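Close look at the chain arrangement
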Number of protein chains: 2
Amino acid sequence: MEGVLKLLEDGVPLAELSIERIARTAGVGKATIYRRWSGKEELFVEVVRAAEPPDPELPGTSVRDDLVALLEQLRQRGLMTRSSVLLHNVIAQMKSSPKIWDAYHASVVEPRRRKQHAILLRGQENGELRADIDVDVMNDMIFGPMLVRAVMRPDAELPEGLAEQMADAVLEGLRPVSSHTP
Amino acid sequence: MEGVLKLLEDGVPLAELSIERIARTAGVGKATIYRRWSGKEELFVEVVRAAEPPDPELPGTSVRDDLVALLEQLRQRGLMTRSSVLLHNVIAQMKSSPKIWDAYHASVVEPRRRKQHAILLRGQENGELRADIDVDVMNDMIFGPMLVRAVMRPDAELPEGLAEQMADAVLEGLRPVSSHTP
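Residues numbered from 1 in each chain as written. Chains lettered and ligands numbered in written order. Predicted model: local features only at pLDDT ≥ 70, side-chain atom pairs only at ≥ 80, totals over all residues. Heavy atoms only, no water.

Per an unreviewed UniProt entry, chain A goes by TetR/AcrR family transcriptional regulator and derives from Streptomyces machairae.

**Side note on the side chain of B:R112**
All names here are of chain B. Operational definition: Strands are runs of DSSP state E lasting at least two residues, helices are runs of H or I lasting at least four, and both sets are numbered from the N terminus onward. Accessibility here uses a 1.4 Å probe with only protein chains present; expressed as a share of the type maximum, an area under 20% marks a residue as buried, one over 50% as exposed, and anything in between as partly exposed. The term polar contact refers here to a pair of N or O atoms within 3.5 Å; inside protein, the definition further demands a hydrogen-donor-capable atom paired with an acceptor-capable atom, and it admits residues adjacent in sequence only when both atoms are side-chain atoms. In this description, contact between two residues means that some pair of their heavy atoms is separated by no more than 4.5 Å.
Looking at where R112 falls in the secondary structure, it is placed in helix α7 (residues 98-126). Judged by its relative accessible area of 15%, R112 falls in the buried class. Looking at R112, its side chain comes within polar contact range of the side chain of E52, at 3.4 Å. With residues up to four places along the chain from it excluded, the contact list for R112 reads E52, D55, Q73, R77 and Y104.

**Regarding the nonpolar core**
To be explicit about the condition: Residues grouped as a nonpolar core are buried Ala, Val, Leu, Ile, Met, Phe, Trp, Tyr and Cys residues, joined through side-chain atoms within 4.5 Å.
Counting residues in each nonpolar core, the largest one holds 52 residues, and the members touching the most others are A:I142, A:M146, A:L174, B:I142, B:M146 and B:L174. For this core, the secondary structure elements donating two or more residues are α5 (63-83), α7 (98-126), α8 (135-152) and α9 (162-172) of chain A together with α5 (63-83), α7, α8 (135-152) and α9 (162-172) of chain B.

**Some thoughts on helix α6 (residues 85-95) of chain A**
All names here are of chain A. Cut-off, in case you're wondering: The directions considered for the arc are those from the helix axis to the C-beta atoms.
For α6, the complete set of buried residues consists of L87, V90, I91 and M94. Here the buried residues of α6 occupy an arc of 95° about the axis, which is enough to place them on one side. Looking at the buried residues of α6, the elements they touch are α1 (2-9), α4 (40-51), α5 and α7.

**Some words on the environment of B:D55**
Residues and elements named next belong to chain B. Along the chain, the position of D55 falls in the loop between α4 (40-51) and α5. The class for D55 is partly exposed, based on a relative accessible area of 45%. On a C-alpha basis, the gap between D55 and A69 in space is 9.2 Å, while along the polypeptide they are 14 residues apart. Leave out the neighbours within four places in its chain, and D55 touches Q73, R112 and K115. Among the polar contacts made by the side chain of D55, one reaches the side chain of K115 at a distance of 3.1 Å.

**Some details on the relation of the copies chain B and chain A**
So the rule is basically this: A least-squares fit on C-alpha atoms brings the copies together, and the residues used are those whose pLDDT is at least 70 in both copies.
Least-squares fitting of chain B to chain A yields an RMSD of 0.0 Å, with the superposition described by an axial translation of 0.0 Å and a rotation of 180°. Accordingly, the operation relating the two chain copies is best matched by a two-fold axis. It is B:G173 whose C-alpha, among those of chain B, lies nearest the rotation axis, at 1.7 Å. The fraction of interface residues of chain B whose copies in chain A are also interface residues reaches 100%, indicating that both copies meet through the same surface.

**Here we look at a nonpolar patch on the surface**
We apply this condition: Like charges within 9 Å and nonpolar side chains (Val, Leu, Ile, Met, Phe, Trp, Tyr) within 5 Å are joined into patches, using only residues over 30% in relative accessible area that form no salt bridge. Surface accessibility in these figures is a Shrake-Rupley result with a 1.4 Å probe; residues are shielded only by whichever protein chains are displayed. Salt-bridge detection follows one rule: a side-chain nitrogen of Lys or Arg within 4 Å of a carboxyl oxygen of Asp or Glu.
Together, A:V151, A:M152 and B:M152 line one region of the surface with nonpolar side chains, adding up to about 190 Å² of accessible area. Looking at the secondary structure, you find A:V151 in helix α8. A:V151 gets classed as partly exposed once you look at its relative accessible area, which sits at 31%.

**Observations concerning the domain arrangement of chain A**
All names here are of chain A. Selection criterion: The split into domains, and so the bounds of each, comes from an automatic or database assignment of domains. Two parts placed together each lose some accessible area under a 1.4 Å probe, and adding up what both lose gives the buried area. For this scheme, ten residues count as nonpolar: Ala, Val, Leu, Ile, Met, Phe, Trp, Tyr, Cys and Pro. Four count as charged, namely Asp, Glu, Lys and Arg, and the remainder, Gly too, count as polar.
Once the domains are mapped, chain A shows domain 1 (2-39) and domain 2 (48-180). Placing the centre of domain 1 and that of domain 2 at their C-alpha centroids yields a distance of 31 Å. Between domain 1 and domain 2 lies a buried interface of about 420 Å² when both sides are counted; carbon and sulfur atoms form 80% of it. Summed over the shared surface of domain 1 and domain 2, the number is zero salt bridges. Between domain 1 and domain 2 we count zero residue pairs in polar contact (both at pLDDT 80 or more) in total. Classifying every residue of the side of domain 1 that touches domain 2 gives four nonpolar, no polar and one charged.

**A short note on the interface of chain B and chain A**
Taken residue by residue, the interface counts 35 residues in chain B and 35 residues in chain A. Considering only the side of chain B, the residues that lose the most area to chain A are B:R130, B:L174 and B:R175, jointly responsible for 22% of the buried surface there. Counting across the chain B and chain A interface gives 10 salt bridges. With a shortest N-O distance of 3.0 Å, A:R149 and B:D136 are connected by a salt bridge. Between the two partners, chain B and chain A, sit 20 residue pairs in polar contact (both at pLDDT 80 or more). Elements that contribute at least two residues to the side of chain B that touches chain A include exactly α8 and α9 of chain B. Counting residues per element, the side of chain B that touches chain A draws most heavily on α8(B), which supplies 13 residues. When the residues that make up the side of chain B that touches chain A are grouped by side-chain class, the tally is 18 nonpolar, six polar and 11 charged.

**A few points about the side chain of A:N139**
Residue and element names in this part refer to chain A. Along the chain, N139 turns up in helix α8. Residue class for N139 comes out buried when judged on its relative accessible area of 0%. At 3.4 Å, the side chain of N139 and the side chain of Q116 are in polar contact.

**Focus on the pattern of salt bridges**
Scanning all chains against the criterion turns up 36 salt bridges over all chains. Here B:E172 ties to A:R175 by a salt bridge, and the two come within 2.7 Å at their closest N and O atoms. With B:E172 in helix α9 and A:R175 in the segment after α9, this residue pair bridges two chains. For A:R175, a relative accessible area of 18% puts it in the buried group. Taking the shortest distance from any N to any O, the salt bridge between B:K99 and B:E41 comes out at 3.9 Å.

Shown next, in the form of structure tokens:
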């Protein structure tokens, strides 16, 4: 993995990274790499995952608190992508390579989404969340705003406290509180 | 513009589109094109804009109704991108060309966002929306979920009525209604 990072830091484009070149940089044989990873896609995805903030411990005190923790992770990822040219370039290159993007999706995005779904289902069951909205739609309503800000709008601010504000606002609604209690 | 569409339908990559080639396809001189567009970026952005659903008439009956109209436009764009291979490819190529992406951003995305901001400000002023959340954050909370579904998650469903559901849910909040009135 350090070998991959070194090559990327040296400006080698993703398309030119080969297992052979990675092995040479790391000073090991190709077989050593293939023992752990099935190909350069899997290896590359693990490098990206290691560069991103780790999945947070969920407090479990309430669905709201778990959502805040996951939104905060997303905010941190956005901040890191803004400050790390390397991570920024790696993610951009990943998006332009369908094979690597699919591997990232399957091993990072999908498991993350399943974890989010489980939290939302728990909320619908214990009464913290409305049960009349599809979990998949709810997921996008809760995480979509931070995702857009962190990933699609690199100039948008990501101030401290944004995760809490977004979580509470989507739970309580954007209408003035008085109009909830007419 | 038809000349550009024809070249794109023939599979000519965006990078190989030149004003000269477009002029030849359209059977006009280069000067004719330059009289209307300053370069291929501007011309291309107008082609994309013409292929997307037009900006909707806003009913103006309430901020909620205006938001539904704009969310519905976004849903329609998502449906069109899913069904039109041409539009899908054009948008993908546009994203990988920073110059064209910047032109699209300046002439389509930014004006659209300014229009959204004006609606949200009106809502904060007339009491339809909370005034304690930054308009820019509110914008992402309202449009982010549909944007993620329409653009970033090409496999997600975009059923009829989703615009209304998302608008009402973000306005009323994701907590069960009873917990608003303890």
